[in-house]
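# Topology and contacts: notes
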Amino acid sequence: MTVPEVSQAPNATTTVVDGVHRLQPTGISILIVGGGIAGLTLANEAWRQGHDVRVLERSPELDVIGDTFGILPPALVTLRHFPSLLQEFEATSYDALFSFYSHVGRKLLGVGEAPWNQPGAKHAAEGVRVPWIRSRYGLVAALEGQVRRLGIPIEYGKNVISYAEDGTKAAVQTDEGRVYHGDLVVAADGVGTKSHKHVLGSVARPISSGAAAYRGMIPISRLKDISDDAKKRYLSSDRPEFRVYLAGRMHMNVIITPDFVNYVLTHEDSGSADEAWRSTLPGSAVLKMIDAVPGWDPALKEIIAQTPEKSVVDWKLLWRNPQPQWSSRLGRVLQLGDSAHSFLPTSGNGATQAMEDALSLATCLALGGKDNIVESVKTHVRLRFERVSALQRFGFVNRQTLHNINVEEFEKNPAIVPMKMSRWIWTHDPVQYAHDNFSKALASIVNGAEFENTNLPTGFKYEPWTIEEELAREEQGLGSTLYSTGDWS
């Protein structure tokens, strides 16, 4: 089969809206299901690259749920092209310093700046300061505001229940019976997406990790009456802080900002957790859980006790095996972000990879052009799957590491902890990578030509893996083989 002729990336600006220079129209219409991080990132970048976009979101309005998360530089490589969004991104970021603590409150290691912000480091997002932490709601609101300023249609209260396609277009139907069409439909609506049946033939089976995470958010205004000792040790820093507290088979991330304290306690699942933001508990449940391990810092417990009533999210941590089939049989329905690949929080990469997906897809569609949408979709998946799968496994290994650290040994020798936020993760540019590799990856799709991804650690040999295999090794007291090949420094 002949490789389709590839369009040169359009570089002529046809219009400017809100300071964003839109490139030459491609004539490709994209219907995005899901108005979260992945869907809104795709909407903005696809519009910039000349595609026609519409967004459908299940929630009745912009959702305020969520706390904090990290976004790494590769997700932000085109942010400089959105001047208003860049300003709002900076306003929702917290330039935190990172440290490890023992659960008794003793500082074990001050890591400091993110590795991409260390002196001499050069990350992928040109001209953007990328701190460790940002507000989840703040970023979603900023992305949604950019969508509205660009005039991209976004409709709330649209619950998509089914997908369909033929050789020229795809469609979805909502629970109210309305049908929407596009040259391509992108399911960016998370782990509960209804697209699995159409894309995979069945719902992706989740596997219990045996763990859950309590996620709590405490406004600073609620901490005015805590003890002077707690204020001095937790609220006196000139910079926001990102602390990881180690306590054997559980660990707690504590984010301290001028606006709030956010904590995430990963613990054994009692069976009451759910994979949803709506499953809430009081802060007393967190205190009861940590008291199972004696000696927790009393000042930290004092802060947790100020959690607003019934506001702690009890999030069940489920694993799903890497799924290489992100697109449907006819290639007109594609899964993006958590719909295609869910991440454990310990990867620090879930939102980043969803945004990388969006940038890669918009670029591949522009390079392939309207006549080659299906081939472009398959090429995008070829470029992305191995990188995403390796990082999913990376999150599993980090979870193992955090829950098996000997604190006394770690305090003497921090090098024993093989947690690596490696250069290959944060120097990657998904847009440039698509430009550089689209034709070669396309040829591998069309006629089986050889193609090897380079968006992985140097020398790394990707091998398929499953959660069941990783769990079996763990039960035998064996570590993961993830780091056995490649440069993870």
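Thresholds, definitions, all that
- Residues numbered from 1 in each chain as written.
- Predicted model: local features only at pLDDT ≥ 70, side-chain atom pairs only at ≥ 80, totals over all residues.
- Heavy atoms only, no water.
- Domains from an automatic or database assignment.
- Contact = heavy atoms within 4.5 Å.
- Buried area = accessible area lost by both parts, 1.4 Å probe.
- Salt bridge = Lys/Arg side-chain N within 4 Å of Asp/Glu carboxyl O.
- Polar contact = N/O pair within 3.5 Å; in protein donor to acceptor, adjacent residues only side chain to side chain.
- Helix = DSSP H or I, 4+ residues; strand = E, 2+ residues; numbered from the N terminus.
- Expected span 1.5 Å × (residues − 1).
- Buried < 20%, exposed > 50% of the residue type's maximum accessible area, 1.4 Å probe, protein only.
- Axes fitted to C-alpha atoms, helices over the stretch in contact; angles between N-to-C directions.
- Parallel < 35°, antiparallel > 145°, perpendicular 65-115°, else oblique.
- Nonpolar A, V, L, I, M, F, W, Y, C, P; charged D, E, K, R; others polar.
- Pairing = 2+ DSSP bridges.

### Things to note about the domain arrangement of the chain
If you check the domain split of the chain, you get domain 1 (13-65 + 136-205 + 320-471) and domain 2 (207-319). Each of domain 1 and domain 2 has a C-alpha centre, and the two are 30 Å apart. If you look at the interface, domain 1 gives 21 residues, while domain 2 gives 15 residues. Taking both partners together, domain 1 and domain 2 bury about 1,800 Å²; carbon and sulfur atoms supply 64% of that area. Ranking the residues of domain 1 by area buried against domain 2 places Ile65, Arg320 and His403 at the top, with a combined share of 33%. There are zero salt bridges connecting domain 1 and domain 2. Where domain 1 touches domain 2, the interface holds zero residue pairs in polar contact (both at pLDDT 80 or more).

### Some thoughts on the environment of Gly167
Here Gly167 lies in the loop between strand E11 (160-165) and strand E12 (170-174). Remark: the alpha-carbon pair of Gly167 and Ser339, spanning 172 residues in sequence, is separated by 23 Å. Contact partners of Gly167, with chain neighbours within four places excluded, come to Leu330 and Arg332.

### Notes on helix H8 (residues 350-368)
A turn of α-helix holds 3.6 residues, and therefore any two residues three or four places apart point the same way. The end-to-end C-alpha distance of H8 is 27 Å, a good match for the 27 Å that 19 residues give at a rise of 1.5 Å each. Taking burial as the measure, the 19 residues of H8 include 18 buried ones, the bulk of the element. The first or second residue beyond H8 is Gly369, which carries a positive phi of 80 degrees.

### A word on the packing of helix H9 (residues 373-402) against helix H12 (residues 430-447)
In the contact formed by H9 and H12, the axes pass within 9 Å of each other and the chain directions differ by 110 degrees. As judged from the angle between their axes, H9 and H12 are roughly perpendicular. For the pair formed by H9 and H12, the contact residues are Glu375, Ser376, Lys378, Thr379, Arg382 and Leu383 on the first element and Tyr433, Ala434, Asn437, Phe438, Ala441, Leu442, Ser444 and Ile445 on the second. Within the contact of H9 with H12, the residues separate by chemical class into seven nonpolar, four polar and three charged.

### Thoughts on the sheet that holds E12
Across the sheet, which stays open at both edges, the three strands sit in the order E11-E12-E13 with antiparallel pairing between neighbours. Two strands lie at the open edges of the sheet, namely E11 and strand E13 (179-182), each paired on one side alone. Strand-to-strand twist of the sheet, defined as the mean angle between neighbouring strand axes without regard to direction, takes the value 20 degrees. Pairing geometry for E12 and E13, over four bridges, is antiparallel. Its bridge partner being in E13, Ala171 is matched across the sheet by His181.

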